[in-house]
Each structure stands twice: as C-alpha cells, then as structure tokens.
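Structural characterization, general
Given next are the chains, with one letter for each unit.
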Amino acid sequence: MEKFDKLSGIAAPMPLVNIDTDMIIPKVFLKTIKRSGLGVNLFDEMRFDREGNEIADFVLNKPAYREASVLVAGDNFGCGSSREHAPWAIADFGIRCVISTSFADIFYNNCFKNGILPIILPEDQRDALMKDAEKGANARIEVDLEAQTVTSSDGEVYAFEVDSFKKHCLMNGLDDIGLTMEKAAAIDTFEAQASADRPWV
Amino acid sequence: MSPKTLYDKIWDAHVADESADGTCLLYIDRHLVHEVTSPQAFEGLRMSGRSVRAPDKTIAVPDHNVPTTLDRANAETMTEDSRIQVEALDTNAKEFGIHYYPVSDVRQGIVHIVGPEQGWTLPGMTVVCGDSHTATHGAFGALAHGIGTSEVEHVLATQTLIQKKSKNFKVEITGKLNPGVTAKDITMHIIGETGTAGGTGYVIEYCGEAIRDLSMEGRMTVCNMAIEGGARAGLIAPDEKTFAYCKGRPNAPTGAEWDKAQAWWETLFSDGDAHWDLELTIKAEDIAPSVTWGTSPEDVLPITALVPAPESFKGGKVDAAARSIEYMGLTAGQKLTDIEIDTVFIGSCTNGRIEDLRAAAAILKGKKVKDGMRAMVVPGSGLVRAQAEEEGLADIFKDAGFEWRMAGCSMCLAMNPDQLAEGERCASTSNRNFEGRQGYKGRTHLVSPGMAAAAAITGHLTDVRELM
Ligand code: SF4
C-alpha cells in the first residue's frame, strides 16, 4: 500500500449530502476481478452521459479540478454498500484524501486499506474548506497526517483526530494481514479455548 | 460483574487480542463470501502464498450476477464479465476448500438468506461478509456486519478482523403494530427517524414488544436495513423463536451439543441496568405502511403523505431533496398514492423469504396485475422457491400475472439482466433507492411485500390496507 504522510493538492468541492457508493462507482463496474483501473469510472453516472461524453458542469470535469487530489464532501460520504471498488476508484483517479463531517463506517475503514485518508471535521470547518475548494485550482489544501492538520489556502489550520493504529499503518504503508499474522499465537490460543467452550461453532 | 449489553457480551466472547489503544482482533465464527467482493481477496492470498485459515467456517454462494430466468443453466444467459466472476468463485471455493453452493444447487440463493437457512448463522456468533447487508444475521443475536475486500482477505488469512468497539444504541418499539404494518415498515420508519447517518459508530439493538412479536423472517428484515441507518450492525436478542428456527437446520448442533449451545444462548440478552450510549423509543402504533419518495432510504413517509417540498429540510438536505425529487420525476405536494408505477419487484435479502411471499400472495390472491405492468417475484433461495411452490404461492403469483423466477439478487441491484430501463418506476421490496441502483436512471420506491403487491394490482403506489 502507498504510504501517506503529507499531501498538498487541489481540493474539489462536492457539497451533496449522502454521496453513496453507487454514485462513487456504479455496479456495472463491479464485475472486475482486479483492483486497478477503476479511476476512469469514478462517479461515472454523474461524470459522463450515456454516450460517454463528459458532463461539463460535474466538478471533476471542470478544468480547475481535473487534477484534484482532495475531495471536500457533504455529510455521510460513502454510505451504502461495502464495495471496496469505491476507494479503489477514488485512489486510482488520484484522490488521496476526503474531508467530510461524517463517513459511512465500512467506507471509512476501506479508505485506510488503500492509502486514502478520510478526515472528519466539524461542520463549520468543513464548510470553510468547502468555500476554499470552490475557489478553484489556485486554492491548494495541505494535509499533514503526522501532525494531524489540514491547512487551507489562506493559512487556516484545522486539527483532526485519527485512530493511532490506522495512522501508523497508513503512514508506513503497512500490510495489516502481515501484522496480524505476527499474533498467530494469540489467535491459536483463543481458537483452542473457543472450540472447547463452543464446540458447535 | 458490571452489567452488559448483548453486544458487549458477544464482543467480549470474541476478542482474541487487545492492544493498549483498544484495537482488538475479533475472532470470526462465520465468513460468508459472494462472487463480487471476493475475487481480489483470493487473488491476494495467492500472491502472498497464504491459505484460508478456517475453510470450515467459510461459506460461499454466487448471487449478485446470477440470472434469475429459468434457462440460466445455459451459460450464455450471463454476460462475459459476470461469468468470469462466477467462475472465479467456483474455482476459488474448490481450490481453497470452502463450503460452496453453486448456481446449480437447489440451496443456492442470496447469501444472507442461505446462511440462516442452512444453520450457518447461530446466536452469539460473529458473522462477516464482504457485503453491507450482512447486518441481516443480527436477527439471531449474532454480531454480523459487512466488510471490504481487504478485510475479506484479512479474515480468510487470519479468521480475525481488526476492530475497535462501537457504541451501544437501543431502539425500542413498544406496543403492537397496526394491521397492514410490517417489519419492513418498522425498519424504514426507524431510518426516517434517525437518518442514514444516525447509527454511524453504533451497534443497534432492536427490542420491545413489537420486535419480540416478529417472526425470525421479520426480524431479519429489520436487521437487514440497520446498515441503511449507518449502524455497524443490528442485533435482536435470541429467544424461543430463534431457537425453534435454528433447531434441525443442516449445520446447527444436535443432541448434547445443542443443549450446551442453547444454555449459552439463553444468557445472551442485555442486562436490565446495562449502559446505552443512545436510546430511541418508537410507539408501534405510530408506524404506518411506509414508502420512500427520494433517493436515500431516509426519504421515507407514510403512504398517506405527500411528496415533501425541498425547503422543508435543513442544510445540505435541501439541495439533496431537490435533486431527488427531480431524479424521481415527482412534484412537491403530490400525493404519494398518485404516483404511477410500471414495475414491481418482490425479492432481495430484505424481503425474499417465505413469509414475504406469503404476505404478497395474500393480497394478490384472485386478483390480476394491472395491464402493461412488469411484475416479478424472485425467491431469496432455491429452497424458498420450492417451499412457495409447495404452498401454492407460486400459482397465485403466476395467475396474477407475476413472473416466477429463480433465486438471486435480481433487480435489487441490477448487476444481472434484471434491470429498470431509463425512467422506469418500480415499487420494490429491496433496501436501497439510490440513483441508478436498479438500472441507469431507474426510479425506486421501497415498500413492504404487501404494498408491492397492492401497487401491482392498482398500477400506482397504494395503501395496502385498502386491499386487505
Ligand atoms: S439482495 Fe440486494 S442487498 Fe441483498 S445481497 Fe443481494 S444485492 Fe445486496
């Protein structure tokens, strides 16, 4: 997994609330057995018309935001299905950070497995960053995971919370299966005890 | 001992390791797998030379891509990419030695219907699946939730999940439901109250008289949509109905082992003085037959209501409601019962069980689907289908003019040939009314099975109580 420490990039505003995983990556693109190459289909039904032409007023089609690496989004981003295709598509497009007031639980976890940092901020701070993002390409947002801060283009600094274990894995690009396997002894012990206590499992 | 909630008890019984910061390795008792979210996980195992740690606790079934037409044994009924996904699951199940119900098996069906039906899901278990509606299994008092594909790979390799504990949210439905009001209306009504993010960070326990009164099928319907309220999982404490449902299932314990299991299951309830981080009480009599008008499951109203005006909402929801109303082709102030529909879908892991088919058939008996309407019933599993045929329900559907299909996810998400065309409007017993969910620019109104049947007869959204 790609490491995440600092990011400085263009932020695209998506103020719509409840952006669901069907919007992020419609189900027709789930029929893949690979993780890569989904960026071209990110937000497909909002981004392209039926003939595959770009819809000009969709934010990521506007010249100012085509290189965006941060999304500032409406409440409850990523709700809906568990499809990891959503963060795969976001990362493949080049977006490494999403800022909102809240995220759906599964989507939030999936981000960390794919080198994406989801940041939760209070409404007023998210709204301020949304305004900032609306200024276009010359408004760059800076994200520092180590320091746990977001800095807006006019120098306003916002602190955010992140789980220490998730932060550690993201900063170091760690494979958490490998980490868990180092605890195989604990799992063995638990499994032995559990199968004695609950043999029907 | 300090008092505990049901969630606390199941959690505590499954922590295999705990770090200083509270990050835990939660042991997983049952891992359900379907074809859409698993290929990359199995591929990951292969690439790193890892195996499935507990193949005996891993159960796979294809459901999302599978056509539901009678001729589906013919591989050409599937598109190339669907076939590749299903074949990948065939191969992975065989290669890694996990339990498998292929398309040709009568026990095949939607993973969340097959799990309980085969007795894989039992009280007190931890159950995961790369699918958000894993919440369904919470009806058994099992801690069940959806995970992403990286987590699927993690569970395959280690039989554990890295988790931090959620908070406890108690949702109590007091008193008795009015006639015509079902489990589906309960669960939609709750989401209307909490919003789709209201449960974020919580595990919900549903309790109260109206929940106790539900059958296991109804309880599964309620827990199924816990995820639509944002919760990590939904739970209902096991009781006599739960034990009766589980007893005799192919993978349930028997004899002395059953007795031992039941003795433990009987301890699985929230202690009277347990701590709740959040509580919500709803009177059952306040719940009406419900329907969604928008493109989020929280856009729910009693069938007797009117399409709301966007300005009646606050904040970002004003724009979202305006967008929904436009997408849905509605007008603020329009009566919900005036909305004409052209498609009816009865099925999905929310409402594809035998009781759901009985409820719909009770309304349809002796009646006909309105001319020009497309109506289909898709049983949740091959066994539900067989039982419905035996009970004569299939004939009622067919006589009324419904298509009687094979088991699968079907039009719940349109990854298979069953889809809405652009602009088509469907009364659907599924769980998501997102834009495009049932087909590009398709329009979905979520309803209970009885309401879906009523709409099929009249051709517009209808208060089922008028046809009872
Ligand atoms: S029926 Fe619908 S919600 Fe249920 S598992 Fe299938 S696609 Fe998902």
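Predicted, not measured: the structure shown is a model, and the values here were computed from it.

Thresholds, definitions, all that
- Residues numbered from 1 in each chain as written.
- Chains lettered and ligands numbered in written order.
- Predicted model: local features only at pLDDT ≥ 70, side-chain atom pairs only at ≥ 80, totals over all residues.
- Heavy atoms only, no water.
- Contact = heavy atoms within 4.5 Å.
- Buried area = accessible area lost by both parts, 1.4 Å probe.
- Salt bridge = Lys/Arg side-chain N within 4 Å of Asp/Glu carboxyl O.
- Polar contact = N/O pair within 3.5 Å; in protein donor to acceptor, adjacent residues only side chain to side chain.
- Helix = DSSP H or I, 4+ residues; strand = E, 2+ residues; numbered from the N terminus.
- Near = heavy atom within 4 Å.
- Nonpolar A, V, L, I, M, F, W, Y, C, P; charged D, E, K, R; others polar.
- Expected span 1.5 Å × (residues − 1).
- Buried < 20%, exposed > 50% of the residue type's maximum accessible area, 1.4 Å probe, protein only.
- Arc of directions from axis to C-beta.
- Axes fitted to C-alpha atoms, helices over the stretch in contact; angles between N-to-C directions.
- Parallel < 35°, antiparallel > 145°, perpendicular 65-115°, else oblique.
- Left-handed = near helix turned anticlockwise from the far one by under 90°.
- Pairing = 2+ DSSP bridges.

Counting residues at the interface gives 73 residues for chain B and 54 residues for chain A. Across the interface of chain B and chain A, roughly 5400 Å² is buried in total on both sides, 57% from carbon and sulfur atoms. When the buried area of chain B at its contact with chain A is split by residue, Gln40, Arg53 and Tyr440 of chain B rank highest and sum to 12% of it. Of the charged contacts in the structure, one is a salt bridge between Asp105 of chain A and Arg232 of chain B, with a shortest N-O distance of 2.7 Å. At the surface where chain B touches chain A, the tally comes to 32 residue pairs in polar contact (both at pLDDT 80 or more). Elements represented by at least two residues in the side of chain B that touches chain A include exactly β1 (15–18), β2 (24–27), α2 (39–47), α3 (80–96), α5 (149–158), β8 (160–163), α10 (255–265) and α11 (317–328) of chain B. At 7 residues, the largest contribution of residues to the side of chain B that touches chain A is made by α5 of chain B.

Around the ligand sit His64, Ile110, His112, Asp131, His133, Ser348, Cys349, Cys409, Cys412, Leu413, Asn431 and Arg437 of chain B, and those are all the residues in its vicinity. Looking at the shell around the ligand, its residues break down into 5 nonpolar, 5 polar and 2 charged.

Before going further, it helps to spend a moment on helix α8 (residues 184–197) of chain A. Residues and elements named next belong to chain A. Taking 1.5 Å of rise per residue, the 14 residues of α8 would be expected to cover 20 Å, and the 20 Å separating its terminal C-alpha atoms lies within 8% of that figure. Of all the residues in α8, the buried ones are Ile187, Phe190 and Ala194. The buried side chains of α8 occupy one side of the element, clustering within an arc of 65 degrees when seen end-on. Summarising the geometry of α8, the exposed residues directed more than 90 degrees from the buried face are Ala185 and Thr189.

Below, the discussion takes up the packing of helix α6 (residues 183–194) of chain B against helix α8 (residues 216–224) of chain B. Residues and elements named next belong to chain B. The geometry of α6 relative to α8 is characterised by a closest axis approach of 8 Å and an angle of 20 degrees between their N-to-C directions. Between α6 and α8, the angle falls in the class roughly parallel. The handedness of the crossing between α6 and α8 comes out as right-handed. Two secondary-structure elements touch here, α6 through Ala183, Lys184, Ile186 and Thr187 and α8 through Gly218, Thr221 and Val222.

Time to look at the sheet that holds strand β3 (residues 97–100) of chain A. Residues and elements named next belong to chain A. One open sheet holds the 7 strands; their spatial order is β4-β3-β2-β1-β5-β6-β7, and the pairing between them is mixed. Because the sheet does not close on itself, it has two edges, and the strands there are β4 (117–120) and β7 (157–159). Across the sheet, the axes of successive neighbouring strands diverge by a mean angle of 25 degrees, strand direction being ignored. Bridge analysis of strand β2 (residues 70–73) against β3 gives 3 bridges, and the strand direction is parallel. Bridge pairing in β3 links Val70 to Cys97. Its contacts with the sheet put helix α5 (residues 123–133) on β1 (6–14), β2, β3, β5 (140–144), β6 (149–151) and β7, and the angle it makes with β2 is roughly 125 degrees.

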